[in-house]
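Chain by chain, the residues run as shown.
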Amino acid sequence: MAKSLLIISRQSPWSGPGAREALDIVLAGGAFDLPIGLLFLDDGVLQLAAGQNAKALQQKDLSANLQALPMFGVEELFYCVESANARGLGNLSLDEAQPLAAEHITALIDRYDQVITL
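Here goes a summary of the coordinates provided.

Rules behind the numbers
Residues numbered from 1 in each chain as written. Predicted model: local features only at pLDDT ≥ 70, side-chain atom pairs only at ≥ 80, totals over all residues. Heavy atoms only, no water. Helix = DSSP H or I, 4+ residues; strand = E, 2+ residues; numbered from the N terminus. Buried < 20%, exposed > 50% of the residue type's maximum accessible area, 1.4 Å probe, protein only. Contact = heavy atoms within 4.5 Å. Areas by Shrake-Rupley, 256 points an atom, 1.4 Å probe, with all protein chains shown as cover. Core = buried A, V, L, I, M, F, W, Y, C linked by side-chain atoms within 4.5 Å. Expected span 1.5 Å × (residues − 1). Pairing = 2+ DSSP bridges. Axes fitted to C-alpha atoms, helices over the stretch in contact; angles between N-to-C directions.

Here we look at the overall build of the protein chain
Here is step 1: Summing up its helical and strand segments, the protein chain has 4 helices and 5 strands in all.
Here is step 2: Scanning the protein chain from its N terminus toward the C terminus, one meets helices and strands in the order β-α-β-α-β-α-β-α-β.
Here is step 3: Considering the protein chain as a whole, with its 118 residues, one finds that 41% of them fall into the buried category.
Here is step 4: Relative to all contacts within the protein chain whose residues are 6 or more apart in sequence, the contacts with residues 24 or more apart total 75%.
Here is step 5: Carbon and sulfur atoms make up 51% of the accessible area of the protein chain, which totals about 6,400 Å².

What follows is the structure in structure tokens.
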């Protein structure tokens, strides 16, 4: 049986390549039926903000990748409630992402065999 993998995405969508790389890893893992999860933490929750305008920053929009996650069999999607609240996020673009209180993050990490933080 394949080892499970949790990706923790901590970068905002426009601060560097980390957000895109995290999504690429998750999509690739899902395509190969790897037991995989994705946690948006700290500035990573900004990836879930609705109504982003990537063209204004001359960047590629990540929202299509986010919406494709369930189609690739990635169903373990979480975001830190405290991180979202601290950044004023109320309307999230990914309905499948489950809210997770900060005190439960350690338990989530313990469920996975391997963890990568980007």
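Here's the deal with the nonpolar core
Here is step 1: Grouped together as the largest cluster of nonpolar side chains are 25 residues, with contacts concentrated most on Leu38, Phe40, Leu48, Leu69, Tyr79 and Leu94.
Here is step 2: Here the element with the most residues in this core is helix α1 (residues 18-31); it accounts for 5 residues.
Here is step 3: If we ignore the near neighbours within four places in the chain, the residues touching Tyr79 are Leu39, Phe40, Val45, Leu48, Ala84, Leu92, Ala97, Gln98, Pro99 and Leu100.
Here is step 4: By size, the runner-up hydrophobic cluster in this structure holds 10 residues, among which are Leu39, Phe78, Cys80 and Tyr112.

Considering α1
Here is step 1: For α1, built from 14 residues, the straight-helix expectation of 20 Å at 1.5 Å per residue is met to within 8% by its first-to-last C-alpha distance of 20 Å.
Here is step 2: Gly18, Ala19, Ala22, Leu23, Val26, Leu27, Gly29 and Gly30 are the residues of α1 that are buried.
Here is step 3: The inward-facing, buried residues of α1 abut β1 (5-9), β2 (36-40) and α2 (63-68).

Let's talk about unusual backbone geometry
Here is step 1: Even without a glycine there, the phi angle at Asp33 is positive, about 55 degrees.
Here is step 2: In this fold, Asp33 is placed in the loop between α1 and β2.
Here is step 3: According to the relative accessible area criterion, Asp33 is exposed, its value standing at 69%.
Here is step 4: For Asp42, which is not glycine, the phi torsion reads 55 degrees and is therefore positive.
Here is step 5: Along the polypeptide, Asp42 turns up in the loop between β2 and α2.

Some points on the sheet that holds strand β5 (residues 114-117)
Here is step 1: Read across the open sheet, the 5 strands follow the order β4-β3-β2-β1-β5; overall the sheet is parallel. The sheet terminates laterally at β4 (98-100) and β5, the two strands that pair on one side only. Each strand of the sheet is rotated relative to its neighbour by a mean of 25 degrees, with strand direction disregarded.
Here is step 2: Taken together, the 3 bridges between strand β3 (residues 76-80) and β4 define a ladder with parallel strand orientation. Within β4, the residue paired with Cys80 across the bridge is Leu100.

Some points on the pairing of β3
Here is step 1: Taking burial as the measure, the 5 residues of β3 include 4 buried ones, the bulk of the element.
Here is step 2: Here 4 bridges tie β2 to β3, and the two strands are oriented parallel to one another. Bridged to Phe40 within β3 is Tyr79.

Structural measurements only, silent on function.
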